[in-house]
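Fold and geometry: a report
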Amino acid sequence: MARAAVPGRLGARLRWLQARLTGRRDESDTAGTLVFDVPGWPGHLPGQHVDVRLTAEDGYSTQRSYSIASAPDGERVELTVERIDDGEVSPYLVDVLEVGDVIELRGPVGGWFVWRPEEQKEPVLLVAGGSGMVPLMAMIRTRRALGNRVPFRLVYGLRSPRSQLFVPDLRTQDPGLDKTFLYSRSAPEGWPRPPGRVTANDLSAGGWPPDFEPACYVCGSTGFVETAAGLLVALGHDPRRIRTERFGPGG
């Protein structure tokens, strides 16, 4: 059961918390979801992220930022991490960290790229590219947990069916949530749209008309975000209603 979320503050003002891994599941060939119990977790808003810090026995420490994939739910926090083969942190989290292990989290962080269900009543357009689906999944899950009726539309761009995240969740029938899947390299057999990058027609067909004044959330790689946001503006959407979040190999 979701509880009321507490708006996050700047990460520098938050303290590091101990996070114990209580479960994990595969999401794709290269990504996994990590379920943590975080005593003292203050709650979060869908769209926020956390800083993760790993410290080696010799004292060496490194940190990365990851979006929260779960709806607010007490002291439970889920992170969905895509493995970067030459990365320093993601291979450890996806392949090495075991149930019972403890890492450090700091958060929640971010106050712009968030959906506030108690305040925002306009339709919502979610545009995801690859692992940019993670914070948008938190919004979908929060809407579902609250029984919220604000209409959502999702346009999800991915390389191939094998790279899709949250397959069981996105198969769930959520009243008022329409889903459009776009494939850039290979599509399922018989798929009506040939593989290719996101276009204005994709966003027009899968999104909302500009005069509906939707809140638009666009998340993915820098190239994907710049392209999708530019297309939305060209279609007539108010730039002030377009919120963007960029992902990079560094976290």
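Basis of the calculations
Residue numbering note: each chain is counted from 1, following its sequence as written. Only residues with pLDDT of at least 70 get local features here, since the model is predicted, and only at 80 or more are side-chain atom pairs given and counted; chain-wide, interface and lining totals rely on the full set of residues. As a rule here, side-chain values come from all non-hydrogen atoms in the structure, and water together with hydrogens is ignored. Note on definitions: the grid is 1 Å and covers protein atoms alone; a cavity is a set of points where a 1.4 Å probe fits but cannot get out; a pocket is an open set with protein on both sides within 12 Å along at least five of seven lines; lining residues have an atom within 4 Å of a point. Grid points are joined across faces, edges and corners, and a volume is the space filled by probe spheres set on the points. Counting from the N terminus, the helices are the DSSP runs of H or I reaching at least four residues and the strands are the DSSP runs of E reaching at least two. For this classification, the nonpolar set comprises Ala, Val, Leu, Ile, Met, Phe, Trp, Tyr, Cys and Pro, the charged set comprises Asp, Glu, Lys and Arg, and every other residue, Gly included, is treated as polar. Definition used in this section: a nonpolar core is a set of buried Ala, Val, Leu, Ile, Met, Phe, Trp, Tyr and Cys residues joined via side-chain atoms within 4.5 Å. When accessible area is computed with a 1.4 Å probe and restricted to protein chains, residues below 20% of their type maximum are described as buried, those above 50% as exposed, and intermediate ones as partly exposed. The contact rule is simple, with two residues in contact once any of their heavy atoms fall within 4.5 Å. A helix's residues, less one, multiplied by 1.5 Å, set its expected span. What the arc describes is the spread of directions from the helix axis to the C-beta atoms. UniProt positions are given in the numbering used here, feature names are shortened, and annotations may be inferred rather than shown by experiment.

A few points about the layout of surface pockets
The calculated volume of the largest pocket comes to roughly 1300 Å³. Lining the largest pocket are 49 residues; nearest its centre among them are Gly129, Gly130, Ser131, Arg159 and Ser221. If one sorts the elements of the lining of the largest pocket by residue count, strand E4 (residues 61–67) sits on top with 4 residues. Grouping the amino acids of the lining of the largest pocket by side-chain chemistry returns 13 nonpolar, 23 polar and 13 charged. Quantified by volume, the second largest pocket comes out at close to 220 Å³. The wall of the second largest pocket is formed by 13 residues, among which Arg53, Leu54, Thr55, Ala56 and Tyr92 lie closest to the centre. Considered class by class, the residues forming the lining of the second largest pocket number 7 nonpolar, 2 polar and 4 charged.

Examining the nonpolar core
The biggest cluster of nonpolar side chains holds 27 residues, and the ones touching the most others in it are Leu126, Met133, Ile140, Phe152, Tyr156, Leu170 and Tyr217. Elements with a contribution of two residues or more to this core: strand E7 (124–129), helix H2 (133–146), strand E8 (152–158), strand E9 (177–183) and strand E10 (215–221). Of the residues forming this core, the biggest block, 6 residues, is contributed by H2. Those residues in contact with Met133, other than ones at most four positions away along the chain, are Ala128, Ile140, Leu154, Tyr156, Phe166 and Leu170. Val38, Leu79, Leu93 and Val94 belong to the second-largest nonpolar core, a separate cluster that totals 21 residues.

Focus on empty space enclosed by the protein
According to the stated counting rule, one finds 1 cavity of 30 Å³ or more in the structure shown. Taken as a whole, the largest cavity spans an internal volume of roughly 30 Å³. Looking at the largest cavity, the residues that line it are Ile140, Arg143, Arg144, Phe152, Asp174 and Leu177. Looking at the lining of the largest cavity, the element that brings in the most residues is H2, giving 3 residues. Residue classes in the lining of the largest cavity are distributed as 3 nonpolar, no polar and 3 charged.

Focus: the side chain of His49
With respect to the helices and strands, His49 occurs in strand E3 (residues 49–55). Filtering out sequence-adjacent residues up to four positions away, His49 remains in contact with Ser65, Tyr66, Ser67, Ile68, Pro108, Val109, Gly110 and Glu245.

Section: helix H5 (residues 222–234)
For H5, which comprises 13 residues, the first-to-last C-alpha distance of 18 Å matches the rise-based estimate of 18 Å (1.5 Å per residue) to within 8%. Buried within H5 we find Phe224, Val225, Ala228, Ala229, Leu231 and Leu232. Buried residues along H5 cover an arc of 160 degrees about the axis, so they all sit on one side. Buried positions along H5 lie against E7, helix H4 (200–206), E10 and strand E11 (242–247). Gly236 sits one or two positions beyond H5 and adopts a positive phi of about 110 degrees.

What to know about the UniProt feature "domain: FAD-binding FR-type" (unreviewed entry) in the protein
Taking the UniProt record as the reference, the feature "domain: FAD-binding FR-type" (unreviewed entry) is found at residues 14–115. A helix fraction of 7% and a strand fraction of 45% characterise residues 14–115, whose end C-alpha atoms lie 21 Å from each other.

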